[in-house]
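Breakdown of the fold
Here is what each chain is made of, one letter per residue.
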Amino acid sequence: PTQNYFKPGMKLEAVDRKNPYLICPATIGEVRGDKIFITFDGWRGAFDYWCQYDSRDIFPVGWCQLTNHSLQPPGNCC
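Predicted, not measured: the structure shown is a model, and the values here were computed from it.

Details of the packing of aromatic side chains
- Evaluation of the coordinates by the stated rule reveals four aromatic pairs.
- Centre to centre, the rings of Phe 40 and Tyr 49 are 5.9 Å apart; their planes meet at 50 degrees, and the pair counts as tilted. Each member of the pair, Phe 40 as well as Tyr 49, is classed as buried.
- Centre to centre, the rings of Phe 59 and Trp 63 are 4.0 Å apart; their planes meet at 20 degrees, and the pair counts as stacked.
- Relative accessible area serves as the criterion here: at 16%, Phe 59 is assigned to the buried category.
- Given a relative accessible area of 26%, Trp 63 falls into the partly exposed group.
- The ring of Phe 47 carries the charged tip of Lys 18 above its face, separated from the ring centre by 5.4 Å.

What counts and what doesn't
- Residues numbered from 1 in each chain as written.
- Predicted model: local features only at pLDDT ≥ 70, side-chain atom pairs only at ≥ 80, totals over all residues.
- Heavy atoms only, no water.
- Phe/Tyr/Trp six-rings, centres within 6.5 Å; stacked < 30°, edge-to-face > 60°.
- Buried < 20%, exposed > 50% of the residue type's maximum accessible area, 1.4 Å probe, protein only.
- Lys NZ or Arg CZ within 6 Å of the ring centre and 35° of its normal.

Here is the structure:
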């Protein structure tokens with residue numbers, strides 16, 4: 001897309017940059033211009049990161065199922 005359509009609260013699947021072979025459920029925490037803040041569902045903030053809205057590290061919900069890639073379960077952090 002030519003512009004950032006993400007809004008806080010939207011769900012997606014995102015690469016865990018500390019363990020790049022893992023893709024996890026995530027939520028858009030904040031949007032600033034062309035950047036989005038990825039928060040991993042059920043995990044503490046140490047894994048969260050900012051990226052461009054068109055990053056290759058983010059995928060729509062259902063991408064892992066469609067491509068037969070393993071999707072990690074959400075964490076259980078309170």
